Amino acid sequence: MSIQIPKGLYDIVPYSEKEKWKLIDYWHYVEKILHKLSNDYNYKEIRTPIFERTELFERGVGQATDVVSKEMYTFKDKAERLMSLRPEGTASLMRAFIENNFASYSQKHKLYYFGPMFRYDRPQKGRFRQFYQYGAEAVGDPSEEQDVEIIDMLHELYQRLGLKDLVLHINYIGQANTRNSFKEELKKYLKPHLNDLSKESQDRFIKNPMRILDSKDERDIKILENAPNILEFITNEDEESFKKICNLLSHLKIPYKINNKLVRGLDYYNKTVFEITSSYLGAQNALGGGGRYDSLLKEFNGPNLPAIGYAVGIERILQTMIAQGIKVEDLNNPFIFIIPLGEKSKNYSFTLISSLRKNRIPCDIDFNAKKIQKSLQIANKCNAKYVIIIGDDEMDKKKLKIKNMEKRTEEEVKFDTLIYHIKTLYKAG
Ligand code: HAM
């Protein structure tokens with residue numbers, strides 16, 4: 001039997017009729033938008049390794065979280081040190097922040113990352129064991145304006161991608177002591193219902209009771225209907241802060257929904273948390289999420305700087321784009337496809353394609369062209385925009401026809417103005 005890809009993984013490929021979200025051109029398109037967006041908001045890229053010491057995630061993300069306790073790919077290296085494939089990017093970024101002494105350059109930093117993350121969970125639609133995240137993190141600014149800038153950036157990302165019907169959920173989970181007293185109240189409320197809760201929520205009752213609020217189980221949802229509301233536990237100062245954030249969001253005309261049951265699955269959050277959901281994704285409906293994590297740097301023995309950020313799942317973005325019929329226009333197809341017929345033409349075509357490439361025009365050639373129809377099929381398959389057929393007649397007359405494959409039109413061009421002509425066409429798009 002041939003060797004198959006491990007469960008929950010997939011290839012990003014140049015061709016796929018059925019699963020367009022796997023197409024590399026789509027990935028390049030989204031990546032280009034992400035880099036431009038980051039640049040427009042003045043976020044700088046950072047690249048960290050894909051594995052780290054396990055302890056980093058245990059201390060950063062939290063030992064009681066599902067991500068760390070159940071989903072990490074952990075292994076011992078040859079020196080018996082425990083390492084884990086990164087399940088997310090924030091902990092690694094904060095480690096790198098401290099290790100590279102970023103705070104000595106400035107007190108404020110805006111950073112972004114793009115790369116694969118790993119979580120061992122049951123694969124299903126929109127849930128993979130290796131998946132890509134883009135994330136942005138703003139360090140050093142405790143202001144509400146910073147919260148809103150981050151959410152605005154996430155909102156703008158979806159606008160640029162053309163995504164529709166998304167919901168921004170927002171909540172405020174306050175400081176550690178707020179959450180501690182809330183947890184106690186929540187447990188008091190849930191205790192009489194303990195046996196009726198789902199198995200997963202029963203497990204969480206001791207380890208991580210606030211995550212019960214996130215449950216998607218119908219029975220749990222019913223029981224939670226009258227559960228205590230964290231927004232009634234936050235301090236007056238936090239209440240003011242949350243109001244300010246909501247007002248600023250309204251001011252920027254960013255629609256949001258206050259969701260007092262949103263708690264997020266990672267332990268480092270405090271104050272503002274948010275998530276974006278899409279109804280096109282089924283159970284795994286979160287396209288992205290994030291929040292404030294003001295104590296993480298300190299937790300790692302770094303500078304006492306506040307921070308806020310988010311991450312989005314690229315597979316889920318692409319799947320939603322496809323489901324919503326969003327066209328990706330910026331495809332990396334050849335602009336010109338050359339079909340040389342005969343030896344004389346081959347030599348000329350070889351020089352031509354070489355100089356087109358030196359002029360940075362994407363192009364390709366069928367070196368083995370014999371039958372025009374066959375070569376045209378190849379040109380069509382690779383979605384070439386224009387085709388040039390060069391036979392003996394063209395070589396004798398020193399002019400040829402450039403065929404527009406989309407519009408089915410053609411125009412005649414002389415050899416000596418050919419490169420200039422193609423460059424003009426290319427610039428015009
Ligand atoms: P997260 O909510 O765990 O947050 O993940 C962010 C996004 O990654 C999710 O909304 C989802 O789109 C995608 N994602 C997560 N797990 C999977 C999976 N198994 N398969 C496919 N996509 C997945 C974080 O990771 C935080 N580090 C975000 C953050 C940054 N908070 C502050 N800064």
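Data block above holds the structure.
Residues numbered from 1 in each chain as written. Predicted model: local features only at pLDDT ≥ 70, side-chain atom pairs only at ≥ 80, totals over all residues. Heavy atoms only, no water.

Chemist: Please explain the sheet that holds strand β4 (residues 82-85) as it appears in this structure.
Modeler: Taking strand neighbours across the sheet as the criterion, the three strands line up as β2-β4-β3 in an open arrangement whose pairing is antiparallel. One side of each edge strand has no neighbouring strand; the edge strands of this open sheet are β2 (51-53) and β3 (74-76). This sheet shows a mean twist of 35 degrees between the axes of neighbouring strands, independent of strand direction. Looking at chain direction, β2 and β4 are connected through three bridges and run antiparallel. When the sheet's bridge partners are listed, F51 is paired in β4 with L85. Contacts from helix α2 (residues 54-62) reach β2, β3 and β4 within the one sheet, and its direction differs from that of β2 by about 80 degrees. (Pairing = 2+ DSSP bridges. Helix = DSSP H or I, 4+ residues; strand = E, 2+ residues; numbered from the N terminus. Axes fitted to C-alpha atoms, helices over the stretch in contact; angles between N-to-C directions. Contact = heavy atoms within 4.5 Å.)

Chemist: Can you walk me through a nonpolar patch on the surface in this structure?
Modeler: Together, I50, F51 and F75 line one region of the surface with nonpolar side chains, adding up to about 250 Å² of accessible area. Mapping F75 onto the fold places it in strand β3. The class for F75 is partly exposed, based on a relative accessible area of 33%. (Patch = residues over 30% accessible without salt bridge, like charges linked within 9 Å, V, L, I, M, F, W, Y side chains within 5 Å. Areas by Shrake-Rupley, 256 points an atom, 1.4 Å probe, with all protein chains shown as cover. Salt bridge = Lys/Arg side-chain N within 4 Å of Asp/Glu carboxyl O. Buried < 20%, exposed > 50% of the residue type's maximum accessible area, 1.4 Å probe, protein only.)

Chemist: I keep staring at the sheet that holds strand β1 (residues 44-45) and nothing clicks. Help me out?
Modeler: In a beta sheet, neighbouring strands pair by backbone hydrogen bonds and run either parallel or antiparallel. Strand order in the open sheet made by the eight strands is β1-β5-β6-β11-β10-β9-β7-β8, with mixed pairing throughout. Every interior strand has two partners, whereas the edge strands, β1 and β8 (257-258), have only one. Looking at chain direction, strand β10 (residues 286-292) and strand β11 (residues 307-313) are connected through five bridges and run antiparallel. Each bridged residue has a counterpart across the sheet, and for G290 the counterpart in β11 is Y310. Each of β1, β5 (109-118), β6 (130-139) and β11 is contacted by helix α1 (residues 24-40), which is oriented at about 160 degrees to β5, the strand it contacts most. Together, β7 (166-172), β8 and β9 (270-278) form the strand contacts of helix α9 (residues 236-251), whose direction differs from that of β7 by roughly 160 degrees.

Chemist: In this structure, what is going on with the site of the ligand? I would like to understand it.
Modeler: Near the ligand there are 26 residues, and of these E88, F128, E137, Y268 and Y269 occur at the shortest range. The separation between a nitrogen atom of the ligand and a polar side-chain atom of E88 is 2.6 Å. One of the side-chain nitrogen or oxygen atoms of E137 is found 2.8 Å away from a nitrogen atom of the ligand. Contact with the protein chains covers 94% of the free accessible surface of the ligand, which is 660 Å². Listed by contribution, the elements that provide at least two residues to the shell around the ligand are β6, β10 and β11. Considering each element in turn, the shell around the ligand owes the most residues, six residues, to β10. When its residues are assigned to classes, the shell around the ligand shows 11 nonpolar, nine polar and six charged. (Near = heavy atom within 4 Å. Polar contact = N/O pair within 3.5 Å; in protein donor to acceptor, adjacent residues only side chain to side chain. Nonpolar A, V, L, I, M, F, W, Y, C, P; charged D, E, K, R; others polar.)

Chemist: What am I meant to see in the packing of α1 against helix α11 (residues 314-323) here?
Modeler: When two helices pack together, their arrangement is given by the angle between their axes and by how far apart the axes lie. The interhelical angle for the contact between α1 and α11, taken along N-to-C directions, is 110 degrees, at an axis separation of 11 Å. With respect to their mutual orientation, α1 and α11 come out roughly perpendicular. Classified by chirality, the crossing of α11 by α1 is right-handed. Between α1 and α11, the residues in contact are Y26, W27, Y29, V30 and L34 and I314, E315, L318, M321 and I322, respectively. Residue composition of the contact of α1 with α11, by class: nine nonpolar, no polar and one charged. (Parallel < 35°, antiparallel > 145°, perpendicular 65-115°, else oblique. Left-handed = near helix turned anticlockwise from the far one by under 90°.)

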